Amino acid sequence: MAKPAQGTKYRGSIHDFPDFDPSRDAEALYTAMKGFGSDKEAILELITSRSNRQRQEICQSYKSLYGKDLIADLKYELTGKFERLIVGLMRPLAYCDAKEIKDAVSGIGTDEKCLIEILASRTNEQIHQLVAAYKDAYERDLEADIIGDTSGHFQKMLVVLLQGTREADDVVSEDLVQQDVQDLYEAGELKWGTDEAQFIYILGNRSKQHLRLVFDEYLKTTGKPIEASIRGELSGDFEKLMLAVVKCIRSTPEYFAERLFKAMKGLGTRDNTLIRIMVSRSELDMLDIREIFRTKYEKSLYSMIKNDTSGEYKRALLKLCGGDDDAAGQFFPEAAQVAYQMWELSAVARVELKGTVRPADNFNPDADAKALRKAMKGLGTDEDTIIDIITHRSNAQRQQIRQTFKSHFGRDLMADLKSEISGDLARLILGLMMPPAHYDAKQLKKAMEGAGTDEKALIEILATRTNAEIRAICEAYKEDYHKSLEDALSSDTSGHFKRILVSLATGNREEGGEDRDQAREDAQEIADTPSGDKTSLETRFMTILCTRSYQHLRRVFQEFVKMTNYDVEHTIKKEMSGDVRDVFVAIVQSVKNKPLFFADKLYKSMKGAGTDEKTLTRIMISRSEIDLLNIRREFIEKYDKSLHQAIEGDTSGDFLKALLAICGGED
């Protein structure tokens, strides 16, 4: 069994089996595989209840007793994913890693994700053992095989990691921290092109503790996390490798929790990834991974495995997991502290928001108006010209084009567009032509007219807009529909949901920074409400969530975790229901990370059968000049595919062309 460092607690889920007898276990396995068929349950129960060290002793005893290779017999008797899992458990970790890497570089193509996961996450000692095991098992040099199968900066960083020479954690120099921050900044943000060698040298060699200080200082100095710079400056597999290195430096268990979640979410399961992580971390940090998983994804690793796998394969994975963290109905204190640290990081982050649509250079409203008139004149319509002009101008420039069009031709550009284009493309183009406040006002009006109310649209707009944006929407609503937005909301919604929306529609959220003492009081206020007292809970949440500044609320959420061991979003989902729950969750998610909130909405609008074109169009229009570039980054980070790819796979024709133009690039 892997031994924890001196003074640290063992965090694996698999322990040495008491009263262990390798000969008795070897006999039990031989019996389980003897005759017609095999007793898979007995094999599963025995192997997942022994530590890796004990399994090696069983292999030796099996050979001594029967003159046979246990792994070969298991391979013969078992099949599929269950066989891969059990055979993986029977190998020493270094040999298991060696086999994974050999498979990753063999045959046509390379499994870069496997190479990244293993080499970015292993310690110096584990790397040295891996290199030796690879040489022993395959009589080949691992470095030579990696060089032969990869290229460029990706290859260089893999070779650096293969040396296993990262400095020990006690090697930290304050002067060097400042120097490394400066070197990374100059190698990326301040340089035309990128000096990849600096990124490779610093991230590949400095100690983890030193690099954590570098990352903190980099954020303070540049106003953006190191991950944002890596995404902006690097690309392809090299970018993915460097992001994995950064994640493992920040928290190796969090990196693996994320990998496990992605392996099981959506359609299909990435079983190779799932098996590799469950095998390799079962005696290292599985308890930490479980706790972080529970905190980040609000469900236990155990429950996700249970719902995503089946048969003996499922039972073996659940044994390695070691327990269901949903059973107790609350987070571990350790996991709460991880959540607290997440908020600590987000509280100091000053992320630069960037849209994808910017004012066009050398803008000429006269030429644009004429080109649009020509595109709509005569038989047929030139949609390509319309799309090209309107998606590549800022909203302010589009308003100038509208005015110029009327001055030149005595015609209303919006009316002409409406008569020439139709369907999803028309909704998108006409939406882009409206001033943002008038567009939002129209979306709110549509959400409330006719039979039924589109609560999701009301929530999405009112829970995410700034005070200035809300006030502009209220003015536009009054101007366009001769009725106040508050009156419209009051007549179309009811109860606590109405009160929350009306409160948000005042646009009176505080705009100052955080007040730590007040944040503790606010957290105590919502934490003290007895479970089951729904009315009181909703009122208290409304008073705080609808009025405090975003910066202050981040601190409130952090203090709430500290007091209760719960994330505030988890509490809302557990204690509330319906539209009230949905609007509070939207506010919390928006406060935590607004671009991620919209990335989730976009993903859901294109997920599964059918597309929610209304939501897709609304978000692409409304965020195009605010934070769509940030949304794109969050999208690819969470869903492992770009927003560009998702749009391409889910829409078609001129609507697709226009959306991709607004999206602004492939990540």
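Residues numbered from 1 in each chain as written. Predicted model: local features only at pLDDT ≥ 70, side-chain atom pairs only at ≥ 80, totals over all residues. Heavy atoms only, no water.

Can you help me understand the overall build of the protein chain in this one?
The secondary structure content of the protein chain amounts to 39 helices and zero strands. Taken over C-alpha atoms, the radius of gyration comes to 29 Å for the protein chain, in line with the 26 Å a tight globule of 667 residues would show. Summarising its shape, the C-alpha atoms of the protein chain cover approximately 95 × 60 × 60 Å along the three principal directions. Restricting to contacts in the protein chain with at least 6 residues of sequence separation, those with at least 24 account for 73%. Of the roughly 29600 Å² of accessible surface on the protein chain, a fraction of 48% belongs to carbon and sulfur atoms. (Helix = DSSP H or I, 4+ residues; strand = E, 2+ residues; numbered from the N terminus. Rg over C-alpha atoms; globule rule 2.2 N^0.38 Å. Contact = heavy atoms within 4.5 Å. Areas by Shrake-Rupley, 256 points an atom, 1.4 Å probe, with all protein chains shown as cover.)

Explain the nonpolar core here, please?
Nonpolar side chains in soluble globular proteins tend to end up buried together. Counting 98 residues, the largest nonpolar core has Phe584 and Met620 as its most contacted members. In terms of residue count, helix H35 (residues 578–606) provides more of this core than any other element does, 14 residues in total. Residue contacts for methionine 620: discarding those within four places in its chain leaves Leu602, Leu628, Leu643, Ile647, Leu659, Ile662 and Cys663. Among the nonpolar cores identified, the runner-up in size contains 95 residues, and Met33, Leu44, Leu243 and Ala257 belong to it. (Core = buried A, V, L, I, M, F, W, Y, C linked by side-chain atoms within 4.5 Å. Buried < 20%, exposed > 50% of the residue type's maximum accessible area, 1.4 Å probe, protein only.)

Explanation requested: the packing of helix H21 (residues 365–376) against helix H22 (residues 383–391) in the structure shown.
Any two packed helices are characterised by how steeply their axes cross, that is the angle between the axes, and by the distance between the axes. Direction vectors running N to C along H21 and H22 enclose 155°, while the axes themselves pass 9 Å from each other. On the basis of the axis angle, H21 is roughly antiparallel to H22. In this structure, the crossing between H21 and H22 has a hand that is left-handed. On the side of H21, the interface is formed by Asp368, Ala371, Leu372, Ala375 and Met376, while H22 contributes Thr385, Ile386, Ile389 and Ile390. By residue class, the composition of the contact of H21 with H22 is seven nonpolar, one polar and one charged. (Axes fitted to C-alpha atoms, helices over the stretch in contact; angles between N-to-C directions. Parallel < 35°, antiparallel > 145°, perpendicular 65-115°, else oblique. Left-handed = near helix turned anticlockwise from the far one by under 90°. Nonpolar A, V, L, I, M, F, W, Y, C, P; charged D, E, K, R; others polar.)

Can you help me understand helix H11 (residues 174–187) in this one?
If you check H11, its first and last C-alpha atoms are 20 Å apart, about what 14 residues at 1.5 Å a residue would give, namely 20 Å. Residues of H11 that are buried include every one of Val177, Asp180, Val181, Asp183, Leu184 and Ala187, and no others. Here the buried residues of H11 occupy an arc of 165° about the axis, which is enough to place them on one side. Among the exposed residues of H11, those pointing more than 90 degrees away from its buried face are Glu174 and Asp175. (Expected span 1.5 Å × (residues − 1). Arc of directions from axis to C-beta.)

I tried to follow the pattern of salt bridges on my own but got confused; where do I start?
Opposite charge on two side chains makes pairing possible when the charged atoms of those side chains draw close. Following the criterion strictly, the structure yields 44 salt bridges and no others. The salt bridge partner of aspartate 366 is lysine 370, with a shortest N-O separation of 3.2 Å. Pair noted here: aspartate 366 and lysine 370 are both in helix H21, with a separation of four residues, about one helical turn. A relative accessible area of 26% means that aspartate 366 is categorised as partly exposed. For arginine 581, the salt bridge goes to aspartate 582, with nearest N and O atoms at 3.1 Å. For arginine 581, a relative accessible area of 27% puts it in the partly exposed group. A single salt-bridge network, built from bridges that share partners, covers Arg84, Glu100, Glu117, Arg259 and Arg276. (Salt bridge = Lys/Arg side-chain N within 4 Å of Asp/Glu carboxyl O.)

I tried to follow the state of the cysteines on my own but got confused; where do I start?
Formally, a disulfide is one covalent bond, and it connects the sulfur atom of one cysteine to the sulfur atom of another. All told, the structure shown has zero disulfides when counted by the stated rule. Of all cysteine sulfurs in the structure, the one in cysteine 96 sits closest to cysteine 59, which takes part in no disulfide; the separation is 13 Å. Cysteine 474 forms no disulfide, and the closest cysteine sulfur to it belongs to cysteine 546, at a distance of 14 Å. (Disulfide = S-S within 2.5 Å.)

How should the side chain of serine 590 be read in this particular structure?
Its place among the elements puts serine 590 in helix H35. Here tyrosine 550 takes part through its side chain, which lies 3.0 Å from a polar atom of the side chain of serine 590. Residues in contact with serine 590, not counting those within four places in the same chain, are Ala463, Thr464, Tyr550 and Phe597. (Polar contact = N/O pair within 3.5 Å; in protein donor to acceptor, adjacent residues only side chain to side chain.)

Is there a simple way to think about helix H33 (residues 550–564) in this case?
What sets the pattern is the α-helix's 3.6 residues per turn: residues three or four places apart point alike. For H33, spanning 15 residues, the distance from its first C-alpha to its last is 21 Å, which sits close to the expected 21 Å at 1.5 Å a residue. All buried positions along H33 are accounted for by Tyr550, His552, Leu553, Arg555, Val556, Phe557, Gln558, Glu559, Phe560 and Val561. Just past H33, the residue asparagine 565 takes up positive phi, approximately 65°.

What is the right way to read the packing of helix H15 (residues 236–264) against helix H16 (residues 271–281) from this model?
At a closest axis distance of 9 Å, the pairing of H15 and H16 adopts a crossing angle of 150°. Taken together, the axes of H15 and H16 lie roughly antiparallel to each other. The element H15 and its partner H16 pack so that their crossing is left-handed. Of H16, the residues touching H15 (which contributes Thr252, Phe256, Arg259, Leu260, Ala263 and Met264) are Thr273, Leu274, Arg276, Ile277, Met278 and Arg281. Here the contact of H15 with H16 is composed, by residue class, of seven nonpolar, two polar and three charged.

Explain the environment of lysine 456 here, please?
Relative to the helices and strands, lysine 456 resides in helix H27 (residues 455–462). When its relative accessible area of 62% is taken as the criterion, lysine 456 is described as exposed. When the C-alpha atoms of lysine 456 and valine 583 are compared, they prove to be 8.5 Å apart, with 127 residues separating the residues in sequence.

When you look at the packing of aromatic side chains in this model, what are you seeing that I'm missing?
Each aromatic ring pair is characterised by the separation of its centres together with the angle its planes make. A full pass over the atoms with the stated rule returns 16 aromatic pairs. Ring geometry for tyrosine 185 versus tyrosine 218: centroids 6.4 Å apart, planes at 85°, classification edge-to-face. Here tyrosine 185, found in helix H11, pairs with tyrosine 218, found in helix H13 (residues 208–222); they are 33 residues apart in sequence, far enough to count as distant. What links up through ring pairs into an aromatic cluster is the set Tyr30, Tyr62 and Tyr66. (Phe/Tyr/Trp six-rings, centres within 6.5 Å; stacked < 30°, edge-to-face > 60°.)

How do you make sense of the environment of isoleucine 636 when you look at a structure like this?
By secondary structure assignment, the location of isoleucine 636 is in helix H37 (residues 628–639). Separated by 10 residues in the primary sequence, isoleucine 636 and alanine 646 have C-alpha atoms spaced 9.9 Å apart. For isoleucine 636, the residues in contact, after removing those within four places along its chain, are Lys641, Ser642 and Asp667.

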